[in-house]
Amino acid sequence: VAQALINDPDLLFLDEPTNGMDPKGREEMLDLIRDLAHNKGMNLILSSHLLPDVEYTCDHVVVLNQGHIATAGPIKDLKSPQGSVFELRVKGDRAAFADVLRAAGMEAHAAEEDMMRIFVPGEGGAQALFEAASRGNVQVRHLRPSMPTLEDVFARAVGEE
């Protein structure tokens, strides 16, 4: 990176810049990239599969899927859902519940261990989740509003469940 910066380029390409770094070095590299882009006004193109790193360092994103642009734009805009996002833990048949959610037009994604992240479009909010839980014969054990992440944007853009 130092060699690339010495000539004060108009545009800097970074391909997996934190690959193989220890946690402290990774954090320092991400802080440097963010500083270059946000405080020094340098134009950067960052290629990475580590979406939290992209979200921390970048303002705009282009998501590629099989060589085609799946979505693009300001991260802030792409993360602004037309609905609500919740973290949810249920007791009962999660697979059947996920089918009920999808049939109701909601997106269900597995999160950590027994947690699910659910996108509820429109104005339905938590009430729609409780109605779906009743239809799916599951018991809601935990419900918390959540902010969409770049990983949510990616999953939606490439059609991952």
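For the structure itself, consult the block above.
These numbers come from a predicted model, not from an experiment.

Draft legend 1. Focus on the overall build of the chain. When its secondary structure is counted, the chain shows 7 helices and 8 strands. Its C-alpha radius of gyration of 19 Å places the chain more than 25% over the 15 Å reference for a compact globule of 161 residues. Each principal axis of the C-alpha distribution contributes one length, and for the chain these read about 65 × 30 × 30 Å. Counting all 161 residues of the chain, 33% fall into the buried class. Considering only intrachain contacts with a sequence separation of at least 6, the fraction spanning at least 24 residues in the chain is 62%. Carbon and sulfur atoms make up 50% of the accessible area of the chain, which amounts to about 10000 Å² in all. Between the mean site of the 15 positive side-chain charges and the mean site of the 26 negative ones, the chain shows a separation of 8 Å.

Draft legend 2. Representation of the packing of aromatic side chains within the structure. This structure, assessed with the given rule, holds 0 aromatic pairs. The ring of Tyr 56 has Arg 34 lying over it, and the distance from NZ or CZ to the ring centre is 5.0 Å. Over the face of the ring belonging to Phe 119 we find Arg 156, whose NZ or CZ atom lies 5.0 Å from the ring centre.

Draft legend 3. Molecular detail of the sheet that holds strand β5 (residues 83-91). A sheet is described by the order of its strands in space; here 4 strands give the open sequence β6-β7-β5-β8, paired in antiparallel fashion. Whereas interior strands pair on both sides, the edge strands pair on one side only; in this sheet they are β6 (107-110) and β8 (139-146). For this sheet the average axis-to-axis angle between neighbouring strands, irrespective of direction, equals 25°. Packing against the sheet, helix α5 (residues 94-103) makes contact with β5, β6 and β7 (115-121), and its axis sits at approximately 10° to β7.

Draft legend 4. Summary view of the nonpolar core. Ranked by size, the top nonpolar core spans 17 residues in total, and within it Leu 46, Val 54, Val 61, Ile 75 and Leu 150 carry the most contacts. The set of elements that each furnish at least two residues to this core consists of β1 (11-15), α2 (23-38), α3 (51-57), β3 (60-65), α4 (75-79) and α7 (150-158). With residues near it in sequence (within four places) discarded, Val 61 still touches Val 54, Thr 71, Ala 72, Gly 73, Ile 75, Leu 78 and Leu 150. Counting 16 residues, the second largest nonpolar core, distinct from the first, contains Leu 88, Val 90, Met 106 and Met 116.

Draft legend 5. Region of interest: the side chain of Asp 53. With respect to the helices and strands, the residue Asp 53 is situated in helix α3. One polar contact links Asp 53 to Thr 18, side chain to side chain, over a distance of 3.5 Å. Residues contacting Asp 53, with those up to four places away along its chain left out, are Thr 18, Arg 26 and Leu 30.

Draft legend 6. Broad picture of the pattern of salt bridges. Per the stated rule, a full pass over the model turns up 10 salt bridges. When the shortest N-O distance is used, the salt bridge between Arg 102 and Asp 99 registers 3.4 Å. With a gap of 3 residues between them, Arg 102 and Asp 99 both fall in helix α5, about one helical turn apart. The class of Arg 102 is partly exposed, set by a relative accessible area of 35%. Within the structure, one salt-bridge network assembled from shared partners comprises Glu 87, Arg 117, Arg 144 and Asp 152.

Here is what the cut-offs are and how they apply
- Residues numbered from 1 in each chain as written.
- Predicted model: local features only at pLDDT ≥ 70, side-chain atom pairs only at ≥ 80, totals over all residues.
- Heavy atoms only, no water.
- Helix = DSSP H or I, 4+ residues; strand = E, 2+ residues; numbered from the N terminus.
- Rg over C-alpha atoms; globule rule 2.2 N^0.38 Å.
- Buried < 20%, exposed > 50% of the residue type's maximum accessible area, 1.4 Å probe, protein only.
- Contact = heavy atoms within 4.5 Å.
- Areas by Shrake-Rupley, 256 points an atom, 1.4 Å probe, with all protein chains shown as cover.
- Lys, Arg positive; Asp, Glu negative; His and termini not counted.
- Charge placed at Lys NZ, Arg CZ, Asp CG, Glu CD.
- Phe/Tyr/Trp six-rings, centres within 6.5 Å; stacked < 30°, edge-to-face > 60°.
- Lys NZ or Arg CZ within 6 Å of the ring centre and 35° of its normal.
- Pairing = 2+ DSSP bridges.
- Axes fitted to C-alpha atoms, helices over the stretch in contact; angles between N-to-C directions.
- Core = buried A, V, L, I, M, F, W, Y, C linked by side-chain atoms within 4.5 Å.
- Polar contact = N/O pair within 3.5 Å; in protein donor to acceptor, adjacent residues only side chain to side chain.
- Salt bridge = Lys/Arg side-chain N within 4 Å of Asp/Glu carboxyl O.

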